[in-house]
Amino acid sequence: MTKTNPGRFFEDYAVGDVITHAVPRTISGGERAMYHALYPARGALYSSDEFARACGLPASPVDDLITFHTVFGKTVPDVSLNAVANLGYADGRWLAPVYPGDTLTSVSEVVGVKQNSNGKSGVVWVRTTGRNQHGQDVLSYVRWVMVRKRGDRAAPEAIIPDLPKAVDAADLVVPAGLSFDNYDFALAGEPHRLQDYTVGEIIDHVDGATIEEAEHMLATRLWQNTAKVHFDATNREDGKRLIYGGHVISLARALSFNGLANAQMIVALNGGAHANPCFAGDTVRAWSEVLEIAQTDAPGVGAIRLRLVATKGEAGHLRDENGKYLPEVLLDLDYWALMPV
């Protein structure tokens, strides 16, 4: 009897299934150091305990996307080991900060399935929840993945979840104690407050970064992401390893510091699409569009909804005349962040 795990195929999922993912992960300062080595991340709240304490937190939490990558990585062996591609995200919320010393676990519920017309693959929707050692939810999101079929079994009844287009501003969770009343704009790196941004504004983040094969491989190992398309060059017909989509997300988010240095905490993931594949050697640039501005009940804290686009092309260019993503667009991400007013 074989003891190895070939991963799940499309036929192995049914709506309502609950999957508890191995292996728990205790977060340390090492994850932060490696994250800041992989990406040009410079958010003051995530770099300085003293800055975080001045903003009402007990210490500097780890970057929000460290939480995302860690929780996401736990799900890969059960959800996307045999994935063709990770397609998108919706209805995501960060529910509590994560600090060095916290231990994270992940659990997912299958909320949708739909076989593709080619009969060789299907799309699976899962809602994943990350929890800390106290059983407190720290992150919840839905993602959908195209997964290979094992054989020719009949297609299950298609069930597509009804997902919100965006998390309502009233449902954003602001960390307990957070206050931007004493926010130090000089130390943060830019003077721009929430009211300095206007809906519809396009921000070209100017800087670019060329992705190296080695850094991508470090990232997938760091987050314990074992998807075959990221590790095994023989898994794709073109002989290339696909860059982990989360690597592109973190790179674009870090590049957005230039123009959005005060968008300090990601609190919601409204939607997202990996528009085109990314490979080693691609030079990634980023631009943002301001979609919405809102107030919160926390002192001095507002919320800004942003479209973050990672591209190999020019700022502001997203779709063609037929509404399709331009081939140079890699990522289209819609998120909420907290910003001083």
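Per chain, the residues get numbers from 1 upward, laid out in the order the sequence is written. The predicted nature of this model means local features are confined to residues of pLDDT at least 70 and side-chain atom pairs, given and counted, to a pLDDT of 80 or more, with totals for whole chains, interfaces and linings taken over all residues. To obtain the side-chain values, all non-hydrogen atoms of the structure were included, while hydrogens and water were left out.

1. Here's the deal with the overall build of the protein chain
Reasoning step 1: When helices and strands are tallied, the protein chain shows 8 helices and 10 strands.
Reasoning step 2: Expected size for 341 residues packed as a compact globule is a radius of gyration near 20 Å; at 20 Å, the protein chain falls within 12% of this value.
Reasoning step 3: Dimensions along the principal axes, computed over C-alpha positions, put the protein chain at roughly 60 × 50 × 40 Å.
Reasoning step 4: A buried classification covers 53% of the 341 residues belonging to the protein chain.
Reasoning step 5: Any two residues whose heavy atoms approach within 4.5 Å at even a single point are treated as in contact. Across the protein chain, every contact between residues at least 6 apart in sequence was considered, and the portion connecting residues at least 24 apart equals 78%.
Reasoning step 6: Using a 1.4 Å probe, accessible areas were evaluated by the Shrake-Rupley method; residue-level cover was limited to the displayed protein chains. Of the roughly 14,400 Å² of accessible surface on the protein chain, a fraction of 50% belongs to carbon and sulfur atoms.
Reasoning step 7: Computing the positive centroid from 31 side-chain charges and the negative centroid from 41, the protein chain places the two 8 Å apart. Each helix is a run of DSSP H or I of at least 4 residues and each strand a run of E of at least 2, with the numbering of both proceeding from the N terminus. Radius of gyration: over C-alpha atoms. The globule rule applied is 2.2 Å multiplied by the number of residues raised to the 0.38 power. Three labels apply to residues, based on accessible area from a 1.4 Å probe with only protein chains included: buried if under 20% of the type maximum, exposed if over 50%, partly exposed otherwise in between. For the purpose of charge, His is not counted, nor are the chain termini; Lys and Arg are scored as positive and Asp and Glu as negative. For this purpose, a charge sits on NZ of Lys, CZ of Arg, CG of Asp or CD of Glu.

2. Focus: the pattern of salt bridges
Reasoning step 1: Salt bridge, as applied in this entry: a Lys or Arg side-chain nitrogen positioned within 4 Å of an Asp or Glu carboxyl oxygen. Inspection of the entire model under this criterion finds 12 salt bridges.
Reasoning step 2: Between Asp-334 and Arg-305 there is a salt bridge, with the nearest N and O atoms lying 2.6 Å from each other. One end of the pair, Asp-334, is in strand β10 (residues 329–340); the other, Arg-305, is in strand β9 (residues 301–311), with 29 residues separating them in the sequence.
Reasoning step 3: Note on Asp-334: relative accessible area 13%, which makes it buried.
Reasoning step 4: Arg-305 gets classed as buried once you look at its relative accessible area, which sits at 16%.

3. A short note on helix α7 (residues 245–255)
Reasoning step 1: Counted residue by residue, α7 has 11 buried out of 11 residues, so it is predominantly covered.
Reasoning step 2: For α7, the set of buried residues is Gly-245, Gly-246, His-247, Val-248, Ile-249, Ser-250, Leu-251, Ala-252, Arg-253, Ala-254 and Leu-255.

4. Focus: the nonpolar core
Reasoning step 1: Here the nonpolar core consists of buried residues drawn from Ala, Val, Leu, Ile, Met, Phe, Trp, Tyr and Cys, with membership extended through side-chain atoms lying within 4.5 Å. Membership of the largest hydrophobic core comes to 58 residues, with the highest contact counts inside it found for Tyr-39, Phe-68, Trp-223, Ile-304 and Leu-333.
Reasoning step 2: The residues contacting Leu-333, other than those within four sequence positions of it, are Tyr-89, Ile-249, Leu-269, Gly-271, Gly-272, Leu-306, Arg-307 and Leu-308.
Reasoning step 3: Among the nonpolar cores identified, the runner-up in size contains 25 residues, and Ala-44, Ala-59, Val-167 and Leu-178 belong to it.

5. Details of the environment of Arg-148
Reasoning step 1: Within the element layout of this structure, Arg-148 appears in strand β5 (residues 137–148).
Reasoning step 2: Between the C-alpha atom of Arg-148 and that of Ile-159, which follows or precedes it by 11 residues, the distance is 18 Å.
Reasoning step 3: Those residues in contact with Arg-148 that sit more than four places away from it in its chain are Phe-9, Phe-10, Glu-11, Asn-82, Ala-83, Val-84, Lys-120, Ser-121 and Asn-235.

6. Some points on the sheet that holds β9
Reasoning step 1: The strand order across the open sheet built from 10 strands is β1-β3-β4-β5-β2-β7-β10-β9-β8-β6, with neighbouring strands paired in antiparallel fashion. The sheet is open, and its two edges are formed by β1 (18–26) and β6 (202–210), each paired on a single side. Across the sheet, the axes of successive neighbouring strands diverge by a mean angle of 25 degrees, strand direction being ignored.
Reasoning step 2: At least two bridges found by DSSP between two strands are what make those strands a pair. The pairing of strand β4 (residues 121–131) with β5 spans 11 bridges and is classified as antiparallel. Its bridge partner lying in β5, Gly-130 is registered against Leu-139.
Reasoning step 3: In this analysis an axis means a line fitted to C-alpha atoms, helices contributing only their contacting stretch, and an angle means the value between N-to-C directions, from 0 to 180 degrees. Each of β1, β2 (83–94), β3 (103–115), β4, β5 and β7 (265–274) touches helix α3 (residues 64–79); the most contacted strand, β5, lies at about 40 degrees to it.

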